[in-house]
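# Structural characterization, general
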There are 2 protein chains.
Amino acid sequence: MKSCGVVVEYNPLHNGHVYHLKKAREVSGADIIIAVMSGNFLQRGEPAIVDKWTRTQMALAAGADIVIELPVAFSAQPADHFAKGAVGLLQAMKCDAICFGSESGEGSDYQKLAQFLNQHTAAINQRFKENKNQGQTYASQMEQVLKELLPSQPIALSTPNNILGLAYAKENLLYEKPMELYALRRIGSAYHDEELIEQNFSSATAIRKKLLEKNQKAVSLEELKANMPASSLELITDNPLVSWENYWPYLKYQIEVQSLEELRSIYQVTEGIEYRLKECIQEANSFEQFISLVKNKRVSWTRLQRMCVYILLQLKKEDMVKELQKPKAVHLLGFSLLGRKYLQEIKKELTIPLIANVTKKNKKLWTLDIKAGKIYQMGQLGLIKEQDYYRQPLNFYFENTYENKA
Amino acid sequence: MKSCGVVVEYNPLHNGHVYHLKKAREVSGADIIIAVMSGNFLQRGEPAIVDKWTRTQMALAAGADIVIELPVAFSAQPADHFAKGAVGLLQAMKCDAICFGSESGEGSDYQKLAQFLNQHTAAINQRFKENKNQGQTYASQMEQVLKELLPSQPIALSTPNNILGLAYAKENLLYEKPMELYALRRIGSAYHDEELIEQNFSSATAIRKKLLEKNQKAVSLEELKANMPASSLELITDNPLVSWENYWPYLKYQIEVQSLEELRSIYQVTEGIEYRLKECIQEANSFEQFISLVKNKRVSWTRLQRMCVYILLQLKKEDMVKELQKPKAVHLLGFSLLGRKYLQEIKKELTIPLIANVTKKNKKLWTLDIKAGKIYQMGQLGLIKEQDYYRQPLNFYFENTYENKA
């Protein structure tokens, strides 16, 4: 069976994601789709609005055949580490292709650019040095360097989807049998925003805003029906929702209680930012206010949010160095009938252990994620279920609630 | 001026405490009363129902002339450390006498027993060794040993007040100029429970129960009028109340997020209890339930509560060893006109710094307590004010609200 991977967060899953899943199958000609999905803490440094199991159900209902989890060490990360985890897991799953959203360029363009970057590392670093101290972001510096070195290349590096796509392409080259690359172009203006393909977060942001409003007061979700499949909407109204504000008391408590030295031991807490954290935590009355107080031109909103995830979860520098070497296991969250067949087919070729069920025996492979799950539960005490221990992967063929859209 | 010290918690201040203050002045013949009061975390390992400033107001209104703070390192502790801090501070304040509640014995009996214990440490330890492994508490073992060695002594060591009294007496002997000891006998059965003297907590417990009930539903506080001065009742109805349950989410979060190794670094987390903490935290839905799950015959309820304070405040073994050597400063919480005169009189004789106002300059003397204050505030986010930085001591002569009962 041919397989195609997609890298997703589904926060929550909307029509754009359904389109992505359908198109991925179409353009790659794959029999099955493997979704690598961020666990409960996401790329932009946020808790997912609903837990990974609910989002797995959404994914299966929308046409994914296998859902595996991107560990927290890789998920709450900038493009390079995020891609390292995602591509590593797809490679472990013997995936033949990967299909990602992009604003410009074809799969082959990403392939070429990645190769160029790998082959000209020295020249690029040299240019970076020369262009230094101009106060630009990494992405825009890279864009400028590329304009000089490779004027013809069509990939704009100012958009998050393209940056991620390129990161997948680069990581993919490191493997003996690289996957085929498919870049799915953003749909033109004839389409609604809700139909944006995966990795365009703006629409999911709007949906989350609506959902969290609903959490507080009687807001009708009627209009969301146009934006997301019925299965997703039903799942999201049935489950406890969270945002960063649910974790704000714990974050505040932790920053107050830890010494500067302890804060410095946390991954990415560098350059003396611990002093600002300690200072601003006292004035802030909400997570949003806190980030806006700490933010300055040296550190972006997203980087700060990720830092807050690391603090909330107490991810230490030394732990993360070990964890980021490569994914240690594939955690299976769910599968369809077809997905099950594929799993049986590749089972013996797997290069890292497959965890179908976190137990006391295999927990050492999943330590940070078990912890992340425990803390995620704290967002709605007593309402969010245990996230790892003894949870079985969801079998889509046992689920009669939602129509399989594949 | 002659001064007499009392060691208090006022959680909250009731008629028994008013009686204690009045009697302390009477029996010692002192001009002023100095109250060493536990800060926001108390001897039995609990957060105080109202903050230290509110309790200071109560104390001044009820007749104390000076209120100073017992640092958290000494306050959430068994008798020996508690007494070390309290007596150390009273000595630093040049106190002439100390008056404590007891169930039996006179001041002179405590003096004699303390001297006997100091002089016969070796013999007592020997008896302890011989009597070992009988599953008794320390107090009842000590009582048995004393029955053998000093049959005539009148102090029953099975009651918390007597244990504390003896601890004060022992600590007091270590100083060049020991204070006079006054043991105030528990009032007979003709009196109501509310008139029990300080260190009998049962009545305060009943009052707290009523107050916390009131917090949740419309309970009348009318009946409390008979139990506590009007000033205390007014202060307590005007201020945010907390119990351990307010801190339960933070405690749970901290025990979940820390590794076994990190938990082991906390003061008093020993003998592998970190495993039980980790295990039980997952099942518990409240603080009370948690403690009852962890409790077994090897570790008492109170010891566990104290351990939870240390975890909540992240008080490390290494920090506490340093902190417990002796009180580093006298933190002045409030004073009356008379108290002010006394302070002027002894100012130059003080052996450790007097902090009238915690600032960036003197904060190093008050680190753990500043932290304790920050965490105490988390019990009612946004409602409990800053506890240390730039708080002025309360001057009773500016307060017109309550009648000075002294």
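Residues numbered from 1 in each chain as written. Chains lettered and ligands numbered in written order. Predicted model: local features only at pLDDT ≥ 70, side-chain atom pairs only at ≥ 80, totals over all residues. Heavy atoms only, no water.

Let us now look at the relation of the copies chain B and chain A. For the pair of chain copies, the relating transformation is a rotation about an axis with a translation along it. The two copies are related by a screw motion: chain B maps onto chain A through a turn of 180° and a shift of 0.0 Å along the axis, at an RMSD of 0.0 Å. Put plainly, the chains are arranged around a two-fold axis. Across chain B, the smallest distance between a C-alpha and the rotation axis is recorded for B:Tyr250, namely 3.2 Å. Of the interface residues in chain B, 100% have counterparts in chain A that sit at the interface too, so the contact is made through matching surfaces. (Least-squares fit on C-alpha atoms with pLDDT ≥ 70 in both. Contact = heavy atoms within 4.5 Å.)

All names here are of chain A. Across the 10 residues that make up helix H2 (residues 52-61), a large majority, 10, are buried. Regarding H2, the residues found buried are Lys52, Trp53, Thr54, Arg55, Thr56, Gln57, Met58, Ala59, Leu60 and Ala61. Contact partners of the buried residues in H2: helix H1 (15-28), strand E2 (32-38), strand E3 (66-70), helix H10 (230-238), strand E6 (330-335) and strand E8 (394-395). Two residues or fewer after H2 comes Gly63, characterised by a positive phi angle close to 120°. (Buried < 20%, exposed > 50% of the residue type's maximum accessible area, 1.4 Å probe, protein only. Helix = DSSP H or I, 4+ residues; strand = E, 2+ residues; numbered from the N terminus.)

So, on to the packing of helix H13 (residues 273-281) of chain A against helix H14 (residues 287-294) of chain A. All names here are of chain A. Their axes nearest at 9 Å, the elements H13 and H14 cross at an angle of 135°. Viewed along their axes, H13 and H14 adopt a mutual orientation that is oblique. The handedness of the crossing between H13 and H14 is right-handed. For the pair H13 and H14, the contacting residues are Ile273, Arg276, Leu277, Cys280 and Ile281 in the first and Phe290, Leu293 and Val294 in the second. (Axes fitted to C-alpha atoms, helices over the stretch in contact; angles between N-to-C directions. Parallel < 35°, antiparallel > 145°, perpendicular 65-115°, else oblique. Left-handed = near helix turned anticlockwise from the far one by under 90°.)

With that settled, the discussion passes to the nonpolar core. If you look at the biggest cluster of nonpolar residues, it comprises 188 residues, and the most contacted ones within it are A:Phe290 and B:Phe290. Residues within four places of A:Phe290 in sequence aside, it is in contact with A:Trp248, A:Leu251, A:Ile255, A:Leu277, A:Cys280, A:Ile281, A:Ala284 and A:Cys308. (Core = buried A, V, L, I, M, F, W, Y, C linked by side-chain atoms within 4.5 Å.)

This part is about the interface of chain B and chain A. Contact with chain B, which involves 19 residues of that partner, is made by 19 residues of chain A. Between chain B and chain A, roughly 1800 Å² of surface is buried when both sides are summed, and carbon and sulfur atoms account for 63% of that area. The largest per-residue losses of area from chain B upon contact with chain A belong to B:Tyr253, B:Val257 and B:Lys374, which jointly make up 32% of the total buried on that side. The interface formed by chain B and chain A includes two salt bridges. With its nearest N and O atoms 2.1 Å apart, the salt bridge here joins A:Lys316 to B:Glu262. Taken together, the links from chain B to chain A amount to 11 residue pairs in polar contact (both at pLDDT 80 or more). At the level of elements, helix H11 (244-257), helix H15 (301-312) and helix H18 (367-377) of chain B are the ones that each hand at least two residues to the side of chain B that touches chain A. Examining the composition of the side of chain B that touches chain A, we find that seven residues originate from one element, H11(B), more than from any other. Partitioned by chemical class, the residues of the side of chain B that touches chain A number 10 nonpolar, three polar and six charged. (Buried area = accessible area lost by both parts, 1.4 Å probe. Salt bridge = Lys/Arg side-chain N within 4 Å of Asp/Glu carboxyl O. Polar contact = N/O pair within 3.5 Å; in protein donor to acceptor, adjacent residues only side chain to side chain. Nonpolar A, V, L, I, M, F, W, Y, C, P; charged D, E, K, R; others polar.)

As a further point, take the pattern of salt bridges. Side chains bearing opposite charge may pair, as long as their charged atoms lie close to each other. One pass over the full model with this rule turns up 30 salt bridges over all chains. Between B:Glu69 and B:Lys52 there is a salt bridge, and its shortest N-O distance comes to 3.0 Å. In this pair, B:Glu69 sits in strand E3 (residues 66-70) while B:Lys52 sits in helix H2 (residues 52-61), placing the two residues 17 residues apart along the sequence. There is no split in this pair, since B:Glu69 and B:Lys52 are both buried. Through salt bridges that share partners, A:Lys52, A:Glu69 and A:Asp388 make up one connected network.

Further remarks concern the domain arrangement of chain A. Residues and elements named next belong to chain A. Along its sequence, chain A is organised into domain 1 (1-103 + 159-234 + 321-406) and domain 2 (244-320). Computed from C-alpha atoms alone, the centre-to-centre distance between domain 1 and domain 2 is 27 Å. The interface of domain 1 with domain 2 comprises 26 residues on the first partner and 18 residues on the second. Between domain 1 and domain 2, a total of about 1900 Å² is buried, with carbon and sulfur atoms accounting for 57% of that surface. Along the contact surface separating domain 1 from domain 2 lie zero salt bridges. Linking domain 1 to domain 2 there are 18 residue pairs in polar contact (both at pLDDT 80 or more). Sorting the residues of the side of domain 1 that touches domain 2 by element identifies helix H3 (72-75), helix H16 (317-323) and helix H18 (367-377) as the ones contributing at least two each. Looking at the side of domain 1 that touches domain 2, the element that brings in the most residues is H18, giving five residues. (Domains from an automatic or database assignment.)

Inspection of every chain in the model, using the stated rule, returns 24 aromatic pairs over all chains. For the ring pair A:Tyr267 and A:Tyr310, a centre distance of 4.9 Å and an interplane angle of 70° mean the geometry is edge-to-face. Linking A:Tyr267 in the loop between helix H12 (260-264) and H13 with A:Tyr310 in helix H15 (residues 301-312), this pair joins segments that are 43 residues apart in sequence. Here B:Phe41 and B:Tyr376 contribute two aromatic rings whose centre-to-centre distance is 6.0 Å and whose plane-to-plane angle is 90°, an arrangement assigned as edge-to-face. In this pair, B:Phe41 sits in the loop between strand E2 (32-38) and H2 while B:Tyr376 sits in helix H18, placing the two residues 335 residues apart along the sequence. Judged on exposure class, the residue B:Phe41 and its partner B:Tyr376 are both buried. Following the ring pairs from residue to residue traces out a cluster consisting of A:Phe41, A:Trp244, A:Tyr247, A:Phe287 and A:Tyr376. One residue, A:Lys360, lies across the ring of A:Tyr389, its end atom 4.6 Å from the ring centre. (Phe/Tyr/Trp six-rings, centres within 6.5 Å; stacked < 30°, edge-to-face > 60°. Lys NZ or Arg CZ within 6 Å of the ring centre and 35° of its normal.)

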